[in-house]
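# Understanding the architecture of this molecule
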Amino acid sequence: MKADKTSVTRSLKIARGQLDGVLRMIEEDRYCVDIANQLLATQALLKRVNQEILRAHIRSCVREALQTDEPNPKVEEALQLLETLTK
């Protein structure tokens, strides 16, 4: 994996903590909207982590597959598309 492992790991541990919190909220029979909001926050965090991993993949692995060290407009175009699709 070419993404920043420290950043990805930290974010995933936060997401795991958020999910543990959601499980506690469910066990405590907390208000549904509060649970839903916490789930949305977790989903947003996971989405950002996924984008980071995919960006790193395209910038490194895809670029290597194209066998060029030069910035490739097609790669940058794909990154923009990816960001649009995952919003």
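As annotated in an unreviewed UniProt entry, the protein carries the name Copper-sensing transcriptional repressor CsoR and comes from Candidatus Gemmiger excrementipullorum. Per UniProt, the comment on the protein under Subunit (unreviewed entry) is "Homodimer." Within the UniProt record for the protein, the comment given under Subcellular location (unreviewed entry) is "Cytoplasm".

When its secondary structure is counted, the protein shows three helices and zero strands. Ordered by position from N to C terminus, the α and β elements of the protein give α-α-α. Relative to the compact-globule value of 12 Å for 87 residues, the protein shows a C-alpha radius of gyration of 17 Å, a clear excess of over 25%. Taken over the C-alpha atoms alone, the protein extends approximately 55 × 25 × 15 Å along its principal axes. Counting over 87 residues, the protein shows a buried share of 26%.

For the structure shown, the criterion picks out two salt bridges. As a salt-bridge pair, Arg-30 and Glu-28 come within 3.6 Å of each other at their nearest N and O atoms. Here Glu-83 makes a salt bridge to Arg-55, at a shortest N to O gap of 3.2 Å. Here Arg-55 lies in helix α2 (residues 32–65) and Glu-83 lies in helix α3 (residues 73–85), a separation of 28 residues in the sequence. Judged by its relative accessible area of 22%, Arg-55 is partly exposed.

On to the nonpolar core. Grouped together as the largest cluster of nonpolar side chains are six residues: Ala-3, Val-8, Ala-15, Leu-45, Val-49 and Ala-56. Put simply, the parts of the chain that give this core at least two residues each are α1 (5–27) and α2. A total of three residues in this core trace back to one element, the largest contributor, which is α2.

In this model, α2 (34 residues) spans 47 Å end to end at C-alpha, consistent with the 50 Å of a helix rising 1.5 Å per residue. If you look at α2, its biggest bend is around 30°, right at Ile-58. All of the buried residues along α2 are Ile-35, Thr-42, Leu-45, Val-49, Gln-51, Ala-56, Ile-58, Ser-60 and Arg-63. Against the buried residues of α2 lie α1 and α3. Downstream of α2 by one or two residues, Gln-67 has phi in the positive range, about 55°.

Cut-offs applied
- Residues numbered from 1 in each chain as written.
- Predicted model: local features only at pLDDT ≥ 70, side-chain atom pairs only at ≥ 80, totals over all residues.
- Heavy atoms only, no water.
- UniProt positions renumbered as here; feature names shortened; annotations may be inferred.
- Helix = DSSP H or I, 4+ residues; strand = E, 2+ residues; numbered from the N terminus.
- Rg over C-alpha atoms; globule rule 2.2 N^0.38 Å.
- Buried < 20%, exposed > 50% of the residue type's maximum accessible area, 1.4 Å probe, protein only.
- Salt bridge = Lys/Arg side-chain N within 4 Å of Asp/Glu carboxyl O.
- Core = buried A, V, L, I, M, F, W, Y, C linked by side-chain atoms within 4.5 Å.
- Expected span 1.5 Å × (residues − 1).
- Bend = angle between axes of the 7 residues up to and from the residue.
- Contact = heavy atoms within 4.5 Å.

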